[in-house]
Amino acid sequence: MVAVMAMGGVAWAEPMSAGPWAALTAPVESAPSSIGSAAAGCLTGAVALPDNTPGLQILRPQRNRVWSHPRTIAFLDQLGRQAQHQGLAPLLVGDLSQPRGGPMAYGHGSHQNGLDVDIWFRLPGKPLAAAERSNPVPVSMVRGRAVDTRHWGARQLKVLELAAASPEVDRIFVNPAIKAAACKTIRGDRAWLGKLRPWWGHDEHFHVRLTCTAGDVNCTPQAAVAAGDGCGAELSSWLVKSTILPDNGRDKPNTRRPDLPSVCANILDRPGAREASVR
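Residues numbered from 1 in each chain as written. Predicted model: local features only at pLDDT ≥ 70, side-chain atom pairs only at ≥ 80, totals over all residues. Heavy atoms only, no water.

Under an unreviewed UniProt entry, the chain has the name Penicillin-insensitive murein endopeptidase and belongs to Magnetospirillum sulfuroxidans.

Listed below in structure tokens is the structure:
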């Protein structure tokens, strides 16, 4: 049980550890709501990404991180169909959220309120066998401070463009070298480049974050992306430092203890199936 206390009439929750959230295997069946922020939140009314979604393959299904807000699922369904039409399928889908969102025991500090999803840059051209889906081999698109042209190309850039074109998408986190390559390559309409946000890692996959759902008063939006294509001074400042995470920095146990919205305590404690988290 997570204590929820009132001080001066304001409810607050003790920081909740990631373990209990990772153990939940079933969502809260109620109206969909993204509660709090991507890095300190939870989720009700989550639905799972169907394993047979056209144009997509789910990676590491044993993690049970296939849950999300229905809008995120609808976005992926559309993107998968577009990828099929463009000859880019299957897209490899990494983590979404846990059944009730919340902190994860290892890996991400975000993905907590059902509006985040990772999509791999690797485009295998054919469906992966079950064994490789469970233990997939990532491929970095970056070498040093530039894209690795052995792996990065027009197909990867097209997938990014398709994802960014959706009005549902607030921002997409990519390695700074990938942002720089997109800035250098794209001609004509460059407005969508502003959604590409440089961040550490993200050389093997890109991280899509959707906007808060209209009318969802529980959702905490991120600050708006600045106007423009984002190809100027901010990007240049990233390109002078190391942005590839070391191997021991990937998928490490989470030590973050975010202060979640107080309502998340009730969501965590709702009756439902629980089991040990699987890596």
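Student: Help me understand the overall build of the chain in this model?
Tutor: Across its full length, the chain holds 7 helices and 14 strands. Relative to its full complement of 279 residues, the chain shows a buried share of 48%. Once local pairs closer than 6 in sequence are excluded, the contacts in the chain between residues at least 24 apart make up 79%. Accessible surface, the chain as shown: approximately 12700 Å² in total, 56% of it carbon and sulfur. (Helix = DSSP H or I, 4+ residues; strand = E, 2+ residues; numbered from the N terminus. Buried < 20%, exposed > 50% of the residue type's maximum accessible area, 1.4 Å probe, protein only. Contact = heavy atoms within 4.5 Å. Areas by Shrake-Rupley, 256 points an atom, 1.4 Å probe, with all protein chains shown as cover.)

Student: Any chance you could explain the environment of Glu-234 here in plain terms?
Tutor: Relative to the helices and strands, Glu-234 resides in helix α6 (residues 233-238). Sequence spacing of Glu-234 and Arg-197 is 37 residues, and the spatial spacing of their C-alpha atoms is 9.8 Å. Side-chain polar atoms of Glu-234 contact the side chain of Arg-197, separated by 3.0 Å. (Polar contact = N/O pair within 3.5 Å; in protein donor to acceptor, adjacent residues only side chain to side chain.)

Student: Is there a simple way to think about the state of the cysteines in this case?
Tutor: Here a disulfide denotes one covalent bond, and it connects the sulfur atoms of two cysteines. Taken as a whole and judged by the stated rule, the model has 3 disulfides. Each sulfur of the disulfide joining Cys-183 and Cys-231 lies 2.0 Å from the other. An S-S torsion of about -80 degrees defines the bridge between Cys-183 and Cys-231 as left-handed. You can see Cys-183 sitting in helix α5 (residues 176-185) and its partner Cys-231 sitting in the loop between β14 (205-210) and α6, a full 48 residues away along the chain. On the accessibility criterion, Cys-231 (22% relative accessible area) is partly exposed. Between the sulfur atoms of Cys-212 and its disulfide mate Cys-219 the distance is 2.0 Å. An S-S torsion of about -70 degrees defines the bridge between Cys-212 and Cys-219 as left-handed. Of the residues examined, Cys-219 reaches a relative accessible area of 9% and is grouped as buried. (Disulfide = S-S within 2.5 Å.)

Student: Any chance you could explain the packing of aromatic side chains here in plain terms?
Tutor: The description of two aromatic rings rests on the distance between their centres and on the angle between their planes. Under the criterion given, the structure shown has 5 aromatic pairs. With 4.9 Å between their ring centres and 80 degrees between their planes, Trp-199 and Trp-200 make a pair best called edge-to-face. Residue Trp-199 is classed as partly exposed on the basis of its relative accessible area, which comes to 41%. Residues Trp-199 and Trp-238 carry aromatic rings whose centres are separated by 5.6 Å and whose planes lie at 55 degrees to one another, so their mutual orientation is tilted. On the criterion of sequence distance, the pair formed by Trp-199 in the loop between β13 (196-198) and β14 and Trp-238 in helix α6 is long-range, its members being 39 residues apart. The rings of Phe-121, Trp-152 and Phe-206 are connected pair by pair, giving a single aromatic cluster. Positioned above the aromatic ring of Trp-238 is the side chain of Lys-241, whose terminal nitrogen or guanidinium carbon lies 4.3 Å from the ring centre. (Phe/Tyr/Trp six-rings, centres within 6.5 Å; stacked < 30°, edge-to-face > 60°. Lys NZ or Arg CZ within 6 Å of the ring centre and 35° of its normal.)

Student: Explain the pattern of salt bridges to me, please; I cannot follow it from the model alone.
Tutor: Side chains bearing opposite charge may pair, as long as their charged atoms lie close to each other. Per the counting criterion, the structure on display carries 12 salt bridges. Between Arg-209 and Asp-116 there is a salt bridge; the shortest N-O distance is 2.9 Å. You can see Arg-209 sitting in strand β14 and its partner Asp-116 sitting in strand β9 (residues 116-120), a full 93 residues away along the chain. Neither Arg-209 nor Asp-116 differs from the other in exposure class; each is buried. Two residues, Arg-197 and Glu-234, come together in a salt bridge whose shortest N-O distance is 3.0 Å. One end of the pair, Arg-197, is in strand β13; the other, Glu-234, is in helix α6, with 37 residues separating them in the sequence. (Salt bridge = Lys/Arg side-chain N within 4 Å of Asp/Glu carboxyl O.)

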